[in-house]
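Structural characterization, general
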Amino acid sequence: MQKIRIALVGVGKIARDQHIPALLQNPGFELVAAVSLMDEQVGVPHFATVAELLRSAAVVDAVVICTPPQVRFDIARQVLQQGLHVMLEKPPAPRLTEVQALVALAKAQGVALFAAWHCREAAGVEPARQWLASRALQRVNISWKEDVRVWHPGQAWIWQPGGMGVFDPGINALSIITRILPDRLVLRDANLVFPSNCHAPIRAQLSMVSSAGVEVVADLDFEHRGEPCWDIVCESDTATLQLSEGGAVLQIGEQAPVRGPDVEYPRLYRRFAQLVRDCTVDVDTTPLELVADAFLCGRRATAPAFIEDQGISG
Ligand code: NAP
């Protein structure tokens, strides 16, 4: 079978840590070009813009977009208009209207569009979904806490409009919970705390309820010191299920925790290969809808300015 020739747009942390290794280990793909604002050398022809790539002689079947979310729409639109397949890193875009427009364009062009939610592919997530399917769930507690200075150094885009602040990691928790619960979630309340110099929240507390009446609360903190905490605890009528480390570790009741292999990005690329073969769209916006509702309906408070290299001022 012919390899899918990939251009990678945005050669930052996630592209280097995950996409390039996953692409190199999957024989169905070939990395043939990269687009980056900086002169990022990854051993393939490099272009400064997507327009330059599309004007070039490079032969590309699909484009994987790993830029910050704010610039994704214009890039994806140009690429889809050329009839190329697209994978979008999470979150697919900062605006729901942009995602809907991209879905319509991909369908009109008959090409694949994949909104990747990497945490849904973590080893514990599918076993958790299957276990919960036959349980009477009572309550869910999400704790998603990390130190932005450790995990996102220098990423000023995270504090700009559309950067999402603490929802940049927090949407990963929402991507898991919307996958493992059998019914839909509705946002009831949100408390959002914005540093005085930022356009995105540094802390958020969400109160949600499922169609079956299960309470789901989420505590998201981007100023958490020490070890990060990426946990989801589901209390059922028979036992408690806990997903830790972003879904990599699963513990059910008194059983020992099970740590699965790191399979998120290899699985995303296997799924993308299938979508490209079938020329189909896989775009689920439910995690982004919950974030949008929190921005629409949440109460807002202001915290001291966030200054990355000086600690919290004020
Ligand atoms: P990052 O390290 O800041 O990298 C983003 C890259 O995109 C930078 O190399 C940047 O180039 C480039 N870029 C910005 N605008 C561009 C444009 N118009 N055309 C081409 N390249 C452009 O950010 P990241 O951590 O990789 O995150 C990127 C996305 O992946 C985010 O949506 C994030 O939520 C998601 N993600 C991140 C992680 C993680 O662990 N970091 C995990 C999963 C998903 P310059 O440096 O030249 O501006």
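Scroll up for the structure.
Summary of the structure given here. (Residues numbered from 1 in each chain as written. Predicted model: local features only at pLDDT ≥ 70, side-chain atom pairs only at ≥ 80, totals over all residues. Heavy atoms only, no water.)

**Some words on the overall build of the protein**
Worth spelling out the cut-off: Numbering of helices and strands runs from the N terminus; a helix is a DSSP stretch of H or I covering at least four residues, while a strand is a stretch of E covering at least two. Computation of the radius of gyration draws on C-alpha atoms, with the globule rule given as 2.2 Å multiplied by the number of residues to the power 0.38. Type-normalised accessible area, obtained with a 1.4 Å probe on protein chains alone, sets the label of each residue: buried when under 20%, exposed when over 50%, and partly exposed for intermediate values.
Helix and strand counts for the protein come out as nine helices and 18 strands. Computed over the C-alpha atoms, the radius of gyration of the protein is 20 Å, within 12% of the 20 Å expected from 2.2 N^0.38 for a compact globule of 314 residues. When its C-alpha atoms are laid out on the principal axes, the protein stretches across 60 × 50 × 35 Å. Looking at the protein as a whole, 51% of its 314 residues are labelled buried.

**What about helix α9 (residues 286–297)?**
Since one α-helical turn is 3.6 residues long, residues separated by three or four positions face the same way. What counts is decided by this rule: A helix is expected to span 1.5 Å multiplied by its residue count minus one. For this analysis, residues touch if any pair of their heavy atoms sits within 4.5 Å.
Taking 1.5 Å as the rise per residue, α9 with twelve residues should run 16 Å; its terminal C-alpha atoms sit 16 Å apart, in good agreement. The set of residues buried in α9 consists of Thr286, Pro287, Leu288, Leu290, Val291 and Ala294. Looking at the buried side of α9, the elements it contacts are α4 (96–109), α7 (167–180), β8 (185–195) and β9 (203–210).

**What about the site of the ligand?**
Rules: If even one non-hydrogen atom of a residue comes within 4 Å of a molecule or strand, that residue is called near it. Whenever two N or O atoms come within 3.5 Å, that pair is a polar contact, provided that in protein one can donate a hydrogen and the other can accept it, and provided that, for residues adjacent in sequence, both atoms are side-chain atoms. Methods summary: accessible areas were calculated by the Shrake-Rupley approach with a probe of 1.4 Å, and residue burial reflects only the protein chains presented. Put simply, Ala, Val, Leu, Ile, Met, Phe, Trp, Tyr, Cys and Pro go in the nonpolar bin, Asp, Glu, Lys and Arg in the charged bin, and everything else, Gly too, in the polar bin.
Near the ligand, the surroundings consist of 24 residues, among which Ile14, Arg72, Lys90, Gln155 and Asp168 are the closest. Between valine 11 and the ligand, the recorded distance is 3.3 Å, taken from a backbone N or O atom to an oxygen atom. Protein contacts shield 81% of the accessible area of the ligand, which totals 890 Å² for the unbound molecule. A class-by-class count of the residues in the shell around the ligand yields 13 nonpolar, six polar and five charged.

**Concerning the nonpolar core**
Rules: To define a nonpolar core, start from buried Ala, Val, Leu, Ile, Met, Phe, Trp, Tyr and Cys residues and group those joined through side-chain atoms within 4.5 Å.
Of all hydrophobic cores here, the largest spans 81 residues; its most connected members are Val140, Phe167, Ile177 and Ile180. Ranked by residues supplied to this core, first place goes to α7 with seven residues. Contacts of isoleucine 180, omitting those with residues within four sequence positions, involve Val125, Ala128, Arg129, Leu132, Cys234 and Leu243. The next biggest cluster of nonpolar side chains, apart from the first, holds 26 residues, and it includes Leu8, Phe272, Ala273 and Val276.

**What about the sheet that holds strand β15 (residues 281–282)?**
Two orientations exist for strands paired in a sheet by backbone hydrogen bonds: parallel and antiparallel. Spelled out, the test is: In this description, strands pair whenever DSSP reports at least two bridges between them. To get an axis, a line is fitted to the C-alpha atoms, and for a helix only the part in contact is used. The angle between two axes follows their N-to-C directions and goes from 0 to 180 degrees.
With parallel pairing, seven strands are arranged side by side in an open sheet as β3-β2-β1-β4-β5-β6-β15. The outermost strands of the open sheet, each flanked by one partner alone, are β3 (46–47) and β15. Strand contacts of helix α3 (residues 72–81): β1 (4–9), β4 (62–65) and β5 (85–88), with the helix running at about 160 degrees to β5, the strand carrying the most contacts. Helix-sheet contacts for helix α8 (residues 264–278) involve β1, β2 (29–35), β4, β5, β6 (113–115) and β15, and the interaxial angle to β5 is about 155 degrees.

**Here we look at the sheet that holds β8**
Taken together, nine strands build an open sheet; the order of strands is β14-β13-β12-β11-β7-β10-β9-β8-β16 and the sheet is mixed. The sheet is open, and its two edges are formed by β14 (258–259) and β16 (299–303), each paired on a single side. Pairing geometry for strand β7 (residues 137–145) and strand β11 (residues 229–236), over eight bridges, is antiparallel. For isoleucine 142, the partnering residue across the bridge sits in β11 and is isoleucine 232. Of the strands in this sheet, β7, β11, β12 (240–244) and β13 (249–252) touch helix α5 (residues 125–133), which is tilted by about 165 degrees from β12.

**Regarding the layout of surface pockets**
The following threshold applies: Definitions used throughout: a 1 Å grid over protein atoms alone; a cavity as a set of points that fits a 1.4 Å probe which cannot get out; a pocket as an open set with protein on both sides within 12 Å along at least five of seven lines; a lining residue as one with an atom within 4 Å of a point. Grid points are joined across faces, edges and corners, and a volume is the space filled by probe spheres set on the points.
When its volume is computed, the second largest pocket comes out at roughly 290 Å³. Looking at the second largest pocket, it is lined by 17 residues, and the ones nearest its centre are Pro94, Gly162, Val291, Ala292 and Phe295. It is α9 that provides the largest number of residues to the lining of the second largest pocket, a total of five residues. Residue composition of the lining of the second largest pocket, by class: eleven nonpolar, four polar and two charged.

**Examining the pattern of salt bridges**
In a structure, side chains of opposite charge can pair up when their charged atoms sit close to one another. So the rule is basically this: The term salt bridge refers to a pairing of a side-chain nitrogen on Lys or Arg with a carboxyl oxygen on Asp or Glu at a separation within 4 Å.
Taken as a whole and assessed by the stated rule, the structure comprises 15 salt bridges. Put simply, arginine 5 and aspartate 61 hold a salt bridge, and the shortest N to O gap is 2.9 Å. You can see arginine 5 sitting in strand β1 and its partner aspartate 61 sitting in the loop between α2 (50–55) and β4, a full 56 residues away along the chain. Exposure remark for arginine 5: the relative accessible area of 22% places this residue in the partly exposed category. Across the pair arginine 129 and glutamate 126 runs a salt bridge, and its minimum N-O distance is 2.8 Å. Pair noted here: arginine 129 and glutamate 126 are both in helix α5, with a separation of three residues, about one helical turn. Overall, the relative accessible area of 32% leaves arginine 129 in the partly exposed class. On the accessibility criterion, glutamate 126 (31% relative accessible area) is partly exposed.

**Section: α5**
Put simply, the rule reads: Picture the helix axis, draw a direction to every C-beta atom, and the arc is the one those directions span.
Residues of α5 that are buried: Val125, Ala128, Trp131 and Leu132. Down the axis of α5, the buried side of the element spans an arc of 125 degrees, and every buried residue falls inside it. The secondary structure elements touched by the buried residues of α5 are β7, α7, β11, β12 and β13.

**With respect to the packing of α7 against α9**
Each pair of packed helices gets described by two things: the angle between the helix axes and the distance between those axes. Under the convention used in this document: Convention used here: angles under 35 degrees read as roughly parallel, angles over 145 as roughly antiparallel, angles from 65 to 115 as roughly perpendicular, and any remaining angle as oblique. In this scheme the crossing of two helices becomes right-handed for a clockwise turn of the near helix relative to the far one and left-handed for an anticlockwise turn of less than a right angle.
The N-to-C vectors of α7 and α9 enclose an angle of 125 degrees; their axes lie 8 Å apart at closest approach. What the angle tells us is that α7 and α9 run oblique. For the element pair α7 and α9, the recorded crossing hand is right-handed. Here α7 contributes Phe167, Ile171, Leu174, Ser175 and Thr178 to the contact with α9, which in turn contributes Thr286, Pro287, Leu288, Leu290, Val291, Ala294 and Phe295. For the contact of α7 with α9, a count of residues per class yields nine nonpolar, three polar and no charged.

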